[in-house]
Amino acid sequence: MSRQSVARAHQKIQELAWEPQYHEPVAQYGTDYTFEKSQKKDPLKQVLRSYFPMQEEKDHRVYGAQDGAIRGNMFRQVQERWLEWQKLFLSIIPLPEISAARAMPLLFRTVPNPELHNGQAIQMIDEVRHSTIQQNLKRLYMNNYIDPAGFNNSLRNFHNDYCGTIGRQFAEGFITGDAITAASIYLTIVAETAFTNTLFVAMPAEAAANGDYLLPTVFHSVQSDESRHISNGYATLLMALADESNHQLLQRDLRYAWWNNHRVVDAAIGTFIEYGTKDRRKDRESYAEMWRRWIYDDYYRSYLVPLEKYGLVIPHDLIEEAWNQIWNKGYVHEVAQFFATGWLANYWRIDPMTDEDFEWFEYKYPGWYDRYGKWWENYNRLSIPNGHNPIVFEDVDYQYPNRCWTCMVPCLVREDMTYAEVDGVVRTYCHEECKWTDVTAFRPTYMGRSTPNMGRLIGHREWETLYHGWNWADVVSDMGYVRDDGKTMTAQPHLQLGDQKKMWTLDHLRRCPPLQSPNVLFNEMSPEDREAYAVKYRKGGPAGRFAPADG
């Protein structure tokens, strides 16, 4: 199909749009943004006549590669450490995809531009396709991998797991609150334009290095659609910038969207890439190096900064702080340690780090061993049941963290922890920016301006609070993370499946202390004790260490 005929067909589509004169249209999805009905163009024109053959060819390649993987015995060569972490990743990622599909109708009546509606409709089809091929990939892993436990029930696992719930709140941000905030700024301008590079390009490279070439096939097929989604977001952003009354909202939303994406995506993908790999070549990029190249240079400096001349206020301070968190404050390493601390509340097996891992981390992150090495040595020592409890109950100088109300990632960089009383409840936050999001941004008014369409952070958000006071065996049973024998746990702090004596069971958990929510205990304190606790908490770390005794 010639490019000229595509352009003619694309122009013809616009003639199908009209403004009804016989009734007043009902606003289905609210926004506090206003738009001039100017003739903004879709930078990347696409019509279904050219779209479907292209997607069909991509699907042929994806499913052909899957057939080849089975015939080529890929599942006997892939690293177990890598595929275990895919139980978490592939349980979460279809939800953001399908949420992105659901987000597009939020924009159909909100953005008055028929040309963009065409691009949004095609993006909706893209996202449904992405969710489908990702869930099919998970099914293939489940049917062929040596340990399907965790894959087989992950559709209902991610929403009640102490890690997966973080991914759920991230995905639901695409479809809640102000339509432009959620579906345009949070989704297309930040999540897809900035963070899909590390998600769908850097991560597949690590998968291939671990013997998994199915994930790269599927996710490169996904990433090839992202340019269309980036285009939709860019065109909508330019329309919003054309009306100066939107600039205040754009500044608010870009700050919120950037920070929440950083807290969740960097936490997850950084952990998968750094701690889910067995590839310890010194010339392989670390996540920090990938982030600097893909997000700082390509997104921040090449995409965002040039938009300043159109009036967009860039959150330079937050972007620099995100880099500071990753490079200087060990954010990814703190997250990985937290995931491993609570291995018993998960549905995958977390491999201990080895001397080879230690050497690589020290090479890429000088000083890593002094911060985290001792804890991982303890994790290895306590991985096989031998009369002791899981590591979270043992004396390894680790203070279990408070949970952040906003991003739901715990307050792992201890010096940044803060709190506020909101709606009669004291909420803890991992950073001042997450506090700002909840206390200031997600409110009915913003800087004196009425913002009735902005969302609210409500409900039961803290995983630990849901199970406060429970016996740990009952917690794991309630979540369904038990193998077919009814007692052996799905999760294990090692990869040794062969010997049943090395497997942790519910009986091991019944003798453990009950689950205690730091956030519940924090609310039960007097204001004076609460502040004293927070001061001492901030003096703790790195690697979750308690504050010094004299502190």
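Please refer to the structure higher up on the page.
If you're wondering where the values come from, they're calculated on a predicted model, not measured in any experiment.

Draft legend 1. Up close: the packing of helix α5 (residues 114-144) against helix α7 (residues 179-209). Where α5 meets α7, the closest approach of the two axes is 16 Å, and the angle between their N-to-C directions is 35°. When the axes of α5 and α7 are compared, the crossing they make is left-handed. On the side of α5, the interface is formed by Gln 123, Glu 127 and Gln 134, while α7 contributes Leu 187, Thr 188, Glu 192 and Phe 200.

Draft legend 2. Geometry of the state of the cysteines. Taken as a whole and assessed by the stated rule, the structure comprises 0 disulfides. Unpaired in this structure, Cys 404 has its nearest cysteine sulfur neighbour in Cys 430, at a distance of 3.7 Å. You can call Cys 404 buried: its relative accessible area is 0%. Looking at Cys 512, it has no disulfide partner, and the nearest cysteine sulfur is the one in Cys 163, 18 Å off. When its relative accessible area of 6% is taken as the criterion, Cys 512 is described as buried.

Draft legend 3. Expanded view of the side chain of Thr 490. With respect to the helices and strands, the residue Thr 490 is situated in the loop between α17 (472-479) and α18 (506-510). Of note is the side chain of Thr 490, whose polar atom sits 3.3 Å from the backbone nitrogen of Val 482.

Draft legend 4. Representation of helix α14 (residues 368-381) within the structure. Taking 1.5 Å per residue as the helical rise, α14 with its 14 residues ought to reach 20 Å, and the 19 Å between its terminal C-alpha atoms agrees with that figure. At Lys 374, α14 shows its maximal bend, which comes to roughly 25°. Burial in α14 covers these residues: Trp 368, Tyr 372, Gly 373, Trp 375, Trp 376, Asn 378 and Tyr 379. Turning to α14, the residues buried within the fold contact α9 (247-275), α12 (331-341) and α13 (355-364).

Draft legend 5. Highlighting the packing of aromatic side chains. According to the stated counting rule, one finds 50 aromatic pairs in the structure shown. Pairing Tyr 162 with Trp 463 gives two aromatic rings, centres 5.5 Å apart and planes at 65°, and the pair type is edge-to-face. Taken together, the positions of Tyr 162 in the loop between α5 and α6 (164-172) and Trp 463 in helix α16 (residues 463-466) put the pair 301 residues apart, joining distant regions of the chain. Across this residue pair, the class does not change: Tyr 162 and Trp 463 are buried. Plain terms: the ring middles of Tyr 275 and Trp 376 are 5.6 Å apart, the flat faces sit at 20° to each other, and that makes the pair stacked. With Tyr 275 in helix α9 and Trp 376 in helix α14, the pair connects residues that are 101 residues apart, well separated along the chain. Pair check on accessibility: Tyr 275 and Trp 376 agree, each one buried. The ring of Trp 323 carries the charged tip of Arg 292 above its face, separated from the ring centre by 4.8 Å.

Draft legend 6. Looking closely at the nonpolar core. Counting residues in each nonpolar core, the largest one holds 165 residues, and the members touching the most others are Phe 89, Tyr 141, Trp 258, Trp 291 and Trp 376. Per element, the largest residue contribution to this core is 16 residues, and it comes from α7. Apart from residues no more than four positions distant in its own chain, Phe 89 is found in contact with Leu 199, Met 203, Leu 215, Phe 219, Ile 269 and Phe 272.

Draft legend 7. Structural context of the side chain of Glu 433. Mapped onto the elements, Glu 433 comes out in helix α15 (residues 432-441). With sequence-adjacent residues up to four places away left out, Glu 433 is seen in contact with Arg 255, Trp 259 and Leu 318.

Draft legend 8. Main features of unusual backbone geometry. Cis geometry is adopted by the peptide bond preceding Pro 542, which originates at Gly 541 and carries an omega value of 0°. Position of Pro 542 among the secondary structure elements: in the segment after α20 (527-538). Even without being glycine, Asp 423 reaches a positive phi, approximately 55°. Topologically, Asp 423 is positioned in the loop between β1 (418-422) and β2 (425-429). Phi at Ala 543 is positive, roughly 60°, even though this residue is not glycine. Tracing the sequence through the fold places Ala 543 in the segment after α20. By relative accessible area, which is 4% here, Ala 543 ends up buried.

Draft legend 9. View of the pairing of β2. By the criterion of burial, β2 is predominantly enclosed, with 4 of the 5 residues buried. Linking β1 to β2, which pair antiparallel, is a turn of 2 residues; within it Asp 423 sits at a positive phi near 55°.

Draft legend 10. The environment of Glu 464, seen in detail. The residue Glu 464 is located in helix α16 in this model. Once residues lying within four places of it in the same chain are set aside, the contact partners of Glu 464 are Tyr 162, Phe 338, Tyr 400, Arg 403, Leu 515, Ser 517 and Pro 518.

Draft legend 11. Examining the pattern of salt bridges more closely. For the structure shown, the criterion picks out 37 salt bridges. Here Asp 297 makes a salt bridge to Arg 301, at a shortest N to O gap of 3.3 Å. You can see Asp 297 and its partner Arg 301 sitting in helix α10 (residues 287-304), 4 residues apart, about one turn around the helix. A residue is classified by how much of its surface remains accessible, and Arg 301, at 52% relative accessible area, is exposed. Taken together, the shared-partner salt bridges in this structure form one network comprising Lys 58, Asp 59, Asp 126, Arg 129, Asp 225 and Arg 228.

Draft legend 12. Up close: a nonpolar patch on the surface. Where nonpolar side chains cluster on the molecular surface, the patch consists of Leu 48, Phe 52 and Ile 125 and spans about 240 Å² of accessible area. Along the chain, the position of Leu 48 falls in helix α2 (residues 48-71).

Draft legend 13. Here's a closer look at the packing of helix α4 (residues 94-108) against α7. At their nearest, the axes of α4 and α7 sit 9 Å apart, and the two run at 145° to each other. For the pair α4 and α7, the crossing hand works out as left-handed. For the pair α4 and α7, contact is made by Glu 97, Ala 100, Ala 103, Met 104, Leu 106 and Leu 107 and by Ala 179, Ile 180, Ala 183, Ser 184, Leu 187 and Phe 200, respectively.

Basis of the calculations
- Residues numbered from 1 in each chain as written.
- Predicted model: local features only at pLDDT ≥ 70, side-chain atom pairs only at ≥ 80, totals over all residues.
- Heavy atoms only, no water.
- Axes fitted to C-alpha atoms, helices over the stretch in contact; angles between N-to-C directions.
- Helix = DSSP H or I, 4+ residues; strand = E, 2+ residues; numbered from the N terminus.
- Left-handed = near helix turned anticlockwise from the far one by under 90°.
- Contact = heavy atoms within 4.5 Å.
- Disulfide = S-S within 2.5 Å.
- Buried < 20%, exposed > 50% of the residue type's maximum accessible area, 1.4 Å probe, protein only.
- Polar contact = N/O pair within 3.5 Å; in protein donor to acceptor, adjacent residues only side chain to side chain.
- Expected span 1.5 Å × (residues − 1).
- Bend = angle between axes of the 7 residues up to and from the residue.
- Phe/Tyr/Trp six-rings, centres within 6.5 Å; stacked < 30°, edge-to-face > 60°.
- Lys NZ or Arg CZ within 6 Å of the ring centre and 35° of its normal.
- Core = buried A, V, L, I, M, F, W, Y, C linked by side-chain atoms within 4.5 Å.
- Pairing = 2+ DSSP bridges.
- Salt bridge = Lys/Arg side-chain N within 4 Å of Asp/Glu carboxyl O.
- Patch = residues over 30% accessible without salt bridge, like charges linked within 9 Å, V, L, I, M, F, W, Y side chains within 5 Å.
- Areas by Shrake-Rupley, 256 points an atom, 1.4 Å probe, with all protein chains shown as cover.

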